[in-house]
Amino acid sequence: MNAMVIFGLLAILMLTGMPISISLGLTVLTFLFTMTQVPLESVALKLFTGIEKFEIMAIPFFILAGNFLTHGGVAKRMINFATSMVGHWYGGLGLAGVLACALFAAVSGSSPATVVAIGSILLPAMVKAGFPNKFGAGVIATSGALGILIPPSIVMVMYSVATNTSVGALFMAGVIPGLALAATLGGVTWYRAKKFDYPRQPKATWGERWKSFRASVWGLLLIVVVMGGIYTGIFTPTEAAAMSAVYAFICAVFIYRDLGLKDVPKVLLNSANMSAMLLYIITNAVLFSFIMTNENIPQALADWMLGNGLGMITFLLAVNVILLLAGNFMEPSSIVLIFAPILFPVAVALGIHPVHFGILMVVNMEVGMCHPPVGLNLYVASGITKMGITELTVAVWPWLLSMLGFLVVVTYWPGLSLWLPQQLGML
């Protein structure tokens, strides 16, 4: 009964068009004051202790690093390197887009940042080279989603905060699925380019490839700094985020010099705005999670599922359906912070590994970012291409179908996510 009241309240507030973070906070406060005896002091205490976690500090640092890289010429050099490697294949510039998105995802941690950084440079170049606008938009909108699967990932940090799962293990678990999804999207791009005989670039010489690699090496080194530092234990994921922000600043301002010192305050302000927004969502989601636990809703759900003999396969199918439906109306941060505390105890009770469950949630978020009505990547791509959301939805469907197929593989093959962290002794 209480669960019905809580979710009913949340749904009504969200349908009024109220921001999700405020809807969460109002739902919690209304329920607490009218239906429970929880003292006000404990709510205030929960607000502070909820975001008093070392891992949360990684979020503003990764956002700052991503912003420095987006404005600092790193994306342009990564595109040149990717084009020199695969530009001569069918749909070469499209394949270069997938590869550049995968490389940029490995340094930024954010999907919209990846779409903006790669799309704003590559999409005009693809149209100029003779590719249809729809093809380029479909490639970039879906490949940009790699930003939250290939580590570092802001969404993984949020899942870690919500479930107390190791961030380092989640980062390493995202490597193989991230590369596999990049290969899948690249395969679809190549097939469609071959089918419709889209233009190919002249084959680059090894000298040109070496030159483009040398130009982009400072950006690519950030992958080594973050992943190498976490794996070798030199620093924690949060310290890696701080390192990546400092490194990205040095790259953008002093090495590539595409960002002047006078532009730095603007980048800092943009990053602070985005960080404040996410931290506000986290704070309200922590309260929501607190009320769920206080009312024993996740435990009741787990008992009901186990009591009715629902197994792992059925539960994972239900989770995918719930998360894909949620992706129609909410952005990834909110989905993770609302649903992870509810579904996680059930998953653990059914013997599903917390890290595998985290990767499964992240892949669901990726799909959600590429379909309407709230697909963040579609809106970002729409701003770059000046195409309508309906037109973009038609453009992305071949890649979106392949992502749904990939979601099924990730869901029922835990080894794909767990093999690397197991080999590294992190599980």
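Per chain, residues are indexed from 1 in the order of the written sequence. The predicted origin of the model limits local features to residues at a pLDDT of at least 70 and limits the giving and counting of side-chain atom pairs to 80 or more, whereas totals for whole chains, interfaces and linings rest on all residues. In computing side-chain properties, one takes all heavy atoms of the structure into account and sets aside hydrogens as well as water.

- An unreviewed UniProt entry lists the protein chain under the name TRAP transporter large permease protein, with Dechloromonas denitrificans given as the organism.
- UniProt positions are given in the numbering used here, feature names are shortened, and annotations may be inferred rather than shown by experiment. Its UniProt record gives the protein chain the following Function (unreviewed entry) comment, quoted word for word: "Part of the tripartite ATP-independent periplasmic (TRAP) transport system."
- Listed under Subcellular location (unreviewed entry) in UniProt, the entry text for the protein chain is "Cell inner membrane".

1. Describing the overall build of the protein chain
Now for step 1: A run of H or I in DSSP counts as a helix once it spans at least four residues, and a run of E counts as a strand once it spans at least two, with each numbered from the N terminus. Looking only at helices and strands, the protein chain features 21 helices and zero strands.
Now for step 2: Based on C-alpha atoms, the radius of gyration is set beside the globule rule, defined as 2.2 Å times the residue count to the power 0.38. A compact globule built from 427 residues would reach a C-alpha radius of gyration of about 22 Å, and the protein chain, at 22 Å, matches this within 12%.
Now for step 3: Principal-axis analysis of the C-alpha atoms places the extent of the protein chain at approximately 70 × 45 × 45 Å.
Now for step 4: Burial here depends on accessible area, computed with a 1.4 Å probe over protein chains only, as a share of the maximum for the residue type. Under 20% is buried, over 50% is exposed, and the range in between is partly exposed. A burial count over the protein chain gives 55% of its 427 residues as buried.

2. Some words on the packing of helix α4 (residues 58-71) against helix α14 (residues 264-294)
Now for step 1: Direction vectors running N to C along α4 and α14 enclose 145°, while the axes themselves pass 9 Å from each other. Seen from above, α4 lies across α14 with right-handed handedness. Note on element contacts: α14 touches α4 through Val264, Val267, Leu268, Asn270, Ser271, Met274, Ser275, Leu278 and Ile282, opposite Ile59, Pro60, Ile63, Leu64, Asn67, Phe68 and His71.
Now for step 2: Each residue is assigned to one class: nonpolar for Ala, Val, Leu, Ile, Met, Phe, Trp, Tyr, Cys and Pro, charged for Asp, Glu, Lys and Arg, and polar for all the others, Gly among them. Of the residues contributing to the contact of α4 with α14, the split by class is eleven nonpolar, five polar and no charged. Axis angles are defined between N-to-C directions and span 0 to 180 degrees, where every axis is a line fitted to C-alpha atoms and, for a helix, only to the segment in contact. Crossings are assigned a handedness: left-handed for a near helix turned anticlockwise from the far helix by less than a right angle, right-handed for a clockwise turn. Residues are treated as being in contact if the distance between any of their heavy atoms lies within 4.5 Å.

3. Observations regarding the packing of aromatic side chains
Now for step 1: Stacked, tilted and edge-to-face are the three classes applied to pairs of Phe, Tyr and Trp rings, where Trp contributes its six-membered ring and a pair requires centres within 6.5 Å; stacked means planes under 30 degrees apart, edge-to-face means over 60, and tilted covers the rest. Counted by the stated rule, this structure contains 14 aromatic pairs.
Now for step 2: Taking the centre distance of 6.2 Å and the plane angle of 15° together, the rings of phenylalanine 315 and phenylalanine 357 count as stacked. Of this pair, phenylalanine 315 sits in helix α16 (residues 312-326) while phenylalanine 357 sits in helix α18 (residues 354-368); the two residues are 42 residues apart in sequence, bridging distant segments of the chain. Note on accessibility: phenylalanine 315 and phenylalanine 357 belong to one class, buried.
Now for step 3: Aromatic rings pair up to connect Phe131, Phe135, Phe196, Tyr198 and Trp399 into one cluster.
Now for step 4: Comment: the charge-over-ring label is applied if NZ (Lys) or CZ (Arg) is within 6 Å of the ring centre and within 35 degrees of the ring normal. The ring of tyrosine 256 is capped by arginine 77, whose NZ or CZ atom sits 3.9 Å from the centre of that ring.

4. Side note on unusual backbone geometry
Now for step 1: Residues proline 151 and proline 152 are joined by a peptide bond in cis, for which omega reads 0°.
Now for step 2: When you line up the elements, proline 152 lands in the loop between α8 (133-143) and α9 (154-163).
Now for step 3: Phi at aspartate 197 takes a positive value of approximately 50°, unusual for a residue other than glycine.
Now for step 4: Structurally, aspartate 197 is set in the loop between α11 (175-195) and α12 (206-232).

5. Quick look at helix α5 (residues 74-86)
Now for step 1: Multiplying 1.5 Å by the helix residue count minus one yields the expected span of that helix. The end-to-end C-alpha separation of α5 is 19 Å, in line with the 18 Å expected for 13 residues at 1.5 Å each.
Now for step 2: Those residues of α5 lying buried are Val74, Ala75, Arg77, Met78, Ile79, Phe81, Ala82, Thr83, Ser84 and Val86.
Now for step 3: Considering only its buried residues, α5 is in contact with α4, α6 (92-108), α7 (111-128) and α12.

6. A few points about the UniProt feature "domain: TRAP C4-dicarboxylate transport system permease DctM subunit" (unreviewed entry) in the protein chain
Now for step 1: UniProt's feature table lists "domain: TRAP C4-dicarboxylate transport system permease DctM subunit" (unreviewed entry) at residues 7-415, given in the numbering used throughout.
Now for step 2: For residues 7-415, the end-to-end C-alpha separation is 34 Å, with 78% helix and 0% strand making up the annotated structure.

7. A closer look at the environment of glycine 73
Now for step 1: Locating glycine 73 in the fold gives a position in the loop between α4 and α5.
Now for step 2: By relative accessible area, glycine 73 is classed as buried at 11%.
Now for step 3: For glycine 73 and leucine 259, which are 186 residues apart along the polypeptide, the C-alpha to C-alpha distance reads 7.9 Å.

8. Here's the deal with helix α20 (residues 389-412)
Now for step 1: The first and last C-alpha atoms of α20 sit 32 Å apart over 24 residues, in line with the 34 Å expected at 1.5 Å per residue.
Now for step 2: Remark: the principal bend of α20, roughly 55°, maps to tryptophan 397, with a proline, proline 398, within the next four residues.
Now for step 3: Taken as a whole, α20 has its buried residues at Leu392, Ala395, Val396, Pro398, Trp399, Leu400, Ser402, Met403, Phe406, Leu407, Val410 and Thr411.
Now for step 4: In the core, the buried residues of α20 are packed alongside α8, α11, α16, α18, α19 (376-385) and α21 (415-423). Two axes enter the bend calculation: one fitted to the seven residues ending at the residue in question, the other to the seven starting there, and the bend is the angle between them.

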